[in-house]
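Listed here are the chains, written in short residue letters.
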Amino acid sequence: MTGNPKHGTVCIFGTGDFGRSLGLRLLQAGYEVVFGSRDPKNNSLVPKGSKVMTHAEAAQMARVIFIAVQRDHYQFLTSLTSALEGKVLVDISNNLKMGQYPQSNAEYLNSLVPGASVVKGFNTVSAWALQSGALDASRQVLLCGDDPGAKQAVVDIAHSLGLSAQDRGSLRAAGEIEDIPLQLFPMWRLPLWITAVLCLILIPYLIVYYIVYSYVEQGQDNIYRIMLSLPNKLSAILSLTLMALCYLPSSLAAILQLHNGTKYKRFPDWLDRWMLCRKQLGLIGLLFAVLHAVLVFVVPLSYSYEHGTASDIVDQIRENVTEPFENLWAWRSESYKSLGVLGFVLFLLLGITSLPSVSNTLNWREFRFVQSKLGHLALLLCTVHCFLYGWNKFLLPSRYRWYLPPPYMAGLVVPCVVLVFKLLVLTPCVHYRVSRIRQGWEKPRRRSTANATAANATVPTDKATSL
Ligand code: NAP
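The text that follows walks through the structure, step by step, so that each part is easy to find.

Procedures and definitions
- Residues numbered from 1 in each chain as written.
- Predicted model: local features only at pLDDT ≥ 70, side-chain atom pairs only at ≥ 80, totals over all residues.
- Heavy atoms only, no water.
- Helix = DSSP H or I, 4+ residues; strand = E, 2+ residues; numbered from the N terminus.
- Rg over C-alpha atoms; globule rule 2.2 N^0.38 Å.
- Areas by Shrake-Rupley, 256 points an atom, 1.4 Å probe, with all protein chains shown as cover.
- Lys, Arg positive; Asp, Glu negative; His and termini not counted.
- Charge placed at Lys NZ, Arg CZ, Asp CG, Glu CD.
- Axes fitted to C-alpha atoms, helices over the stretch in contact; angles between N-to-C directions.
- Parallel < 35°, antiparallel > 145°, perpendicular 65-115°, else oblique.
- Left-handed = near helix turned anticlockwise from the far one by under 90°.
- Contact = heavy atoms within 4.5 Å.
- Nonpolar A, V, L, I, M, F, W, Y, C, P; charged D, E, K, R; others polar.
- Buried < 20%, exposed > 50% of the residue type's maximum accessible area, 1.4 Å probe, protein only.
- Pairing = 2+ DSSP bridges.
- Right-handed = clockwise from strand over helix to strand, strands pointing away.
- Salt bridge = Lys/Arg side-chain N within 4 Å of Asp/Glu carboxyl O.
- Near = heavy atom within 4 Å.
- Polar contact = N/O pair within 3.5 Å; in protein donor to acceptor, adjacent residues only side chain to side chain.
- Core = buried A, V, L, I, M, F, W, Y, C linked by side-chain atoms within 4.5 Å.

### Focus: the overall build of the protein
Summing up its helical and strand segments, the protein has 18 helices and eight strands in all. Radius of gyration (C-alpha) of the protein: 31 Å, far over the 23 Å computed for a compact globule of 467 residues. C-alpha atoms of the protein, sized along the principal axes, occupy 100 × 65 × 40 Å. Accessible surface, the protein: about 26000 Å² in total, of which carbon and sulfur atoms supply 61%. Of the charged side chains in the protein, 43 are positive and 30 negative; the average position of the first set lies 8 Å away from that of the second.

Here you go:
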């Protein structure tokens, strides 16, 4: 392999975990690999076919040098400045926490070796993924640097390793790239906060409505309901509310665009952030919907449920009466269950099509059809399911315990708002106006305000057009 390298020679400083894993992949891709090490004789762990030499010797062998050394040890590079003159130094280092140093590692390296071209990159790929070949989750190499030729050399290497590369601009972007591996589920933070706030409101509500009220007013001990029945109600309300919260921002965006008369005005930050995390909101909603679907089957198996049903039958026998078959109740029961099942299946479909492996096979129109049209249909079915479940409970004064309405009504608030907004947006005059705005039409303004807006206008985002 070393005798006839397909691509040329690449140098790696450091024979640690990352250096060895990268070296192995480079050898497999047809590169000749030379390691620069403090101890060239201790080379038993490096991949077969590579060479180990001193840093100065290794630097002479290749134009591109990966610095697979922790930032704290970069000082040794100052003694190699002449050997590194004109070389491409790839800074792959990560830190232990964000903002650990005032300067990014790549900019620090640049200041130590000003004669070299520093490129930040490969730090989002792990040594384990390189070695095992399990690169699905980190197939993309983000890079940045001030020298386009140096960046191209690194992009070429990434491509020959089967990775894709994304240029993030000048070396000033290095800090941002260094922060990426330190982020913990950034897109999930807001949806998890929303879910937590909803839980904090709903759980006490359910406990007061179903447990505390019965204990205080009727002397009944219903605390056991906290195990199955209440989680079932909570998951139903949460899944419906979270699903609706996925669709609310697109209606709000349409209303804002109508109000602004243009799509070229930025949305407020909170709306931007909300729109960006709709997928995660939907997936959490789906999780609760699955929980609700499972609990619906489990609740009838519980002792309290079986006891209640048996008592009813015994009461009828004792009193020698048979409850007549109510056709209306049969309709209501069958309808709310079938709508719930249909809505759940559509919700599952939405979740499946949001997976990258599935969404990548759909074109934009197909994706929009599923996520927007079928999504709203799923919301409508689940909302009607909830209405039919509640039936006329909202009319019965006995259902208002301590003036609190039945909890299912809480689950209907956001979905109803979303459906009303959607209906408004679908009315022909509004729909026509929104469509025109999204195609670039702008409301004519008075000359002075038009000039001011043109000066402040920001480039339209994909989100603005993709609703
Ligand atoms: P490592 O296993 O600790 O290896 C670092 C290597 O640096 C050592 O094997 C050593 O090689 C060299 N070294 C140690 N002290 C030195 C000193 N005082 N002067 C000069 N060289 C010294 O670390 P690693 O996991 O390979 O990580 C290397 C770099 O890659 C780090 O900056 C890390 O943030 C980054 N990174 C690692 C991963 C990963 O998955 N491991 C992923 C992305 C980025 P010699 O004994 O041959 O000199």
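### As for the packing of helix α8 (residues 229-260) against helix α9 (residues 269-276)
Two elements in contact, α8 and α9, have axes whose closest approach is 9 Å; the angle formed by their N-to-C orientations is 140°. Classified by the angle between their axes, α8 and α9 sit oblique to one another. The interaxial crossing formed by α8 with α9 has left-handed handedness. Along its contact with α8, which presents L245, L248, P249, L252, A253 and L256, the element α9 presents W270, L271, W274 and M275. Residue composition of the contact of α8 with α9, by class: 10 nonpolar, no polar and no charged.

### Describing the pairing of strand β2 (residues 31-36)
Counting buried residues in β2 gives six out of six residues, a clear majority hidden from the surface. Every second residue of β2 is oriented toward a common face, with Y31, V33 and F35 on one face and E32, V34 and G36 on the other, all of them buried. The pairing of strand β1 (residues 8-13) with β2 spans six bridges and is parallel. Bridge pairing in β2 places T9 opposite E32. The parallel pair β1 and β2 is bridged by helix α1 (residues 17-28), and the resulting crossover is right-handed. Relative to strand β3 (residues 51-53), β2 is paired through three bridges, and the arrangement is parallel.

### Details of the pattern of salt bridges
Pairing between side chains of opposite charge can happen when the charged atoms of each approach one another. In total, this model carries nine salt bridges according to the counting rule given. The salt bridge partner of E176 is R168, with a shortest N-O separation of 3.5 Å. According to the relative accessible area criterion, E176 is exposed, its value standing at 52%. Since its relative accessible area comes to 33%, R168 is described here as partly exposed. Between D269 and R266 there is a salt bridge, with the nearest N and O atoms lying 2.8 Å from each other. In this structure R266 comes out as partly exposed when scored by relative accessible area, which is 44%. A single network of salt bridges, built from pairs that share partners, joins D91, K120 and E178.

### What to know about the site of the ligand
Surveying the vicinity of the ligand reveals 19 residues, the closest of which are T15, F18, S37, N94 and A127. With respect to the ligand, the backbone of G16 contributes an N or O atom lying 3.0 Å from an oxygen atom. One of the side-chain N or O atoms of Q70 is found 3.3 Å from an oxygen atom in the ligand. Contact with the protein chains hides 77% of the accessible area of the ligand, taken as 890 Å² for the molecule alone. Among the residues forming the shell around the ligand, the class breakdown is seven nonpolar, 10 polar and two charged.

### Thoughts on the nonpolar core
Formed by 47 residues in total, the largest nonpolar core has its most connected members in L238, L242, M243, L245, L379 and V418. Elements that contribute at least two residues to this core include exactly α7 (189-218), α8, α9, α10 (278-298), α12 (327-353), α14 (364-390) and α15 (407-426). The element contributing the most residues to this core is α8, with 13 residues. The contacts of L379, once residues within four sequence positions are left out, are L240, M243, A244, P415, V418 and L419. Among the nonpolar cores identified, the runner-up in size contains 33 residues, and L22, L27, A127 and V154 belong to it.

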